[in-house]
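# Descriptive structure summary
Residues per chain, in single letters:
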Amino acid sequence: MQLGVLLMSLMSITTSRSDTFTMGYLTGSRRLPGNLEYDRPGLTISGAISLAVDEVNRDILGPMGHKLDFLVAETYGVEKISVNETANLREKNVSVYIGPQETCEHEGFMAAAFNLPMISYFCLHNVTSDKTKYTTFARTRPPDSQISKSVASVLIRYNWRHVVLLYLKCSDSEFGHVATRILHSLQSVGITVVEAHSWNPAYHHNYAENPFHKLVEDTYRKTRIYVILGHHYEHIGLMVAMEQKKLFDKGEYFVVGVDVNQYNKQNPTAYFHGLLREENDPQAPKAFRNYIGVVASSRVGYENFTELVNSYMMKEPFNFTNPLQSIGQGKQIRAEAAYLYDAVHVYAKALKKALLNGDNPRNGEAIINYMKKTCYKSAMGYMVYMDENGDAEGNYSLIARKPLPDNPSEYGLFPVGVFTLHRTNDVLPQIFADDCLRKANADREEGLEDDDFDVDDRPCEERPKTFEDAELEALLDDPPCQTQRELSSALGVTRQAISKRLRALAMIPKQGSQGTLSVVFSPVHSYSSGKKGRVFFIAS
């Protein structure tokens, strides 16, 4: 008996030193016969998994004597096939599912039944965040509803406590669910949503009747702050309606726009015209002076990643052709390629922890638990926090009207701030902007009147203590997720210095040349106090 136990132990030790862990990659890269519409996302993202596997084998598992590999399972974008492939991959002894693509509700439940981890890089089904049912499911693509916390953070920061929520409500979008999450987030922090109204169908500016004229007429006496959720090209409908009603003339109204899609830094004037037009609405640039947007942050340093993904897609096992190779170009790489790459790295790091701690590396629930409440550097170029549900939290930016860099007499919407990394004891993310804005905010909170100072006359002159990047990077490695306050305390420097170095290290998005905030004060009625408040943001 003792000899048998000893032999089993020796076998276990030998196996654990040289394991190959096989991932099941669920992707849609081909069309079924007769289907001419499926866009086949796998054609432009699949190289990311090969790139990530090479890196993991070189830097994470390889030095431990282990190896990562993957099998490809084609779903054709069809849920029934995706479910069937999920079952087939289990029979092939995969250790983890990477995917699926368009659907994940039934596949995620199957993975939980098999006790296999499933890390989705594409699917947005919100039901999978329920960990009482989907116990082995995580995702690296943030659900759209994550933006609700950032919206609440903006309103709290500027003491806008009574708002009207307007949102697009149509069956083929997630806006209804996101609106519900925003409503709950606002109520949970004491913000009163006076009324919530929707419009349907999607609005195309100057091609259809503007639904916002009636929405504004029905609500403008009940609030001074509007929150609008919809496609970015629909926001102009509200702004123009309010401008035509002269609600912005005295600075008494303000709009917080919510855009779940990534900010397009190549097209800062996109909000000033409808989807089907190229020229700006003449009223838009003036109206958007009273607007701040909460948007998904744009990618940082994505060009090199794009080249690598294009290169790997032409290799085994995919061998996808690149029709632009002859002219030295590559395919446009979707954001999901970054989420796919992230999924592999997140799994590998969790797997490494399980191996080092002597846990069963094929216990799906244990692997997922190692991912929760951790931070990782995304291929998108910034740090990401994975919450207690295994959902990657979105990285969001604030955008506001600023002059175009090559034509100061014209305007666009540019990033003016970001939200700090999630802290495990925070309910909401914190807004991060430039030093002078923080200084001005502090003065405002001390009760200074509007005409007591001009922000531009108060430069931030304190020179922060310097430190080596190696010191900061060492602290970032352990523990896995620290606040800027904790880092500044450990290094004996200011939080501003930490923030600047994190941006330089690409661990939070850089603010471009348009990233400095100008601040003005405008009278806005505060319904929570009955006193005159102030819109404290934006100008130019």
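Residues numbered from 1 in each chain as written. Predicted model: local features only at pLDDT ≥ 70, side-chain atom pairs only at ≥ 80, totals over all residues. Heavy atoms only, no water.

### Brief notes about the confidence of the model for the chain
Any region with low pLDDT has predicted coordinates that should not be read closely. Confidence in the prediction for the chain averages 82 pLDDT; 75% of positions are at 70 or higher. Under a pLDDT of 50 for its full length, residues 435–468 has, in the predicted model, 52 contacts with residues more than four places off or in other chains. Between residues 506–540, whose pLDDT stays under 50, and residues either more than four places distant or in other chains, the model counts 126 contacts. (pLDDT = per-residue confidence, 0-100. Contact = heavy atoms within 4.5 Å.)

### A closer look at the pattern of salt bridges
For the structure on display, the rule yields 14 salt bridges. Salt-bridge contacts for R334 lead to E336; the nearest nitrogen and oxygen are separated by 3.1 Å. Within the structure, one salt-bridge network assembled from shared partners comprises D39, R141, R334 and E336. (Salt bridge = Lys/Arg side-chain N within 4 Å of Asp/Glu carboxyl O.)

### Re the side chain of T219
Tracing the backbone through its elements, the reader meets T219 in helix α7 (residues 212–219). Polar contacts involving the side chain of T219 include one to the side chain of Y226, which spans 2.7 Å. The residues contacting T219, other than those within four sequence positions of it, are V164, E195, H197 and Y226. (Helix = DSSP H or I, 4+ residues; strand = E, 2+ residues; numbered from the N terminus. Polar contact = N/O pair within 3.5 Å; in protein donor to acceptor, adjacent residues only side chain to side chain.)

### Observations concerning the packing of aromatic side chains
Going through the model one piece at a time under the given rule, you end up with 15 aromatic pairs. A ring pair is formed by Y158 and W160, whose centres lie 5.6 Å apart and whose planes are at 40°; its orientation type is tilted. Overall, the relative accessible area of 4% leaves W160 in the buried class. Summarising the aromatic geometry, the rings of Y203 and F212 are spaced 6.1 Å apart at their centres and angled 80° between planes, so their arrangement reads as edge-to-face. For the pair formed by Y203 and F212, the shared burial category is buried. Among the aromatic residues, those joined into a cluster by ring pairs are Y25, F70, Y121, F122, F318 and F320. Sitting over the ring of Y158, R157 keeps its end group 6.0 Å from the ring centre. We note R401 situated over the ring of Y411; from NZ or CZ to the ring centre the distance is 3.8 Å. (Phe/Tyr/Trp six-rings, centres within 6.5 Å; stacked < 30°, edge-to-face > 60°. Buried < 20%, exposed > 50% of the residue type's maximum accessible area, 1.4 Å probe, protein only. Lys NZ or Arg CZ within 6 Å of the ring centre and 35° of its normal.)

### Thoughts on helix α12 (residues 364–371)
Counting buried positions along α12 gives six out of eight residues, so the element sits mostly inside the fold. Within the sequence span of α12, burial applies to G364, A366, I367, I368, Y370 and M371. The inward-facing, buried residues of α12 abut β4 (118–120), β5 (137–139), α11 (336–356), β11 (374–377) and β12 (383–386). If you check the start of α12, you find a side-chain oxygen 3.2 Å away from the backbone N of E365, and it comes from N363. Immediately beyond the C-terminal end of α12, within one or two residues, lies K373, with a positive phi of roughly 55°.

### Focus on the sheet that holds β5
Pairing between the strands of a sheet comes from backbone hydrogen bonds, and it takes one of two forms, parallel or antiparallel. With parallel pairing, five strands are arranged side by side in an open sheet as β2-β1-β3-β4-β5. Since the sheet does not close on itself, it has two edges, and those belong to β2 (67–74) and β5, each with one partner. Within the sheet, the average angular offset between the axes of one strand and its neighbour, ignoring direction, is 25°. Two elements, strand β3 (residues 96–98) and β4, share two bridges in a ladder whose sense is parallel. Pairing of I98 across the sheet is with I119, part of β4. In the packing of α11 onto the sheet, the strands contacted are β1 (20–27), β2, β3 and β4, and the crossing angle to β1 comes to about 155°. (Pairing = 2+ DSSP bridges. Axes fitted to C-alpha atoms, helices over the stretch in contact; angles between N-to-C directions.)

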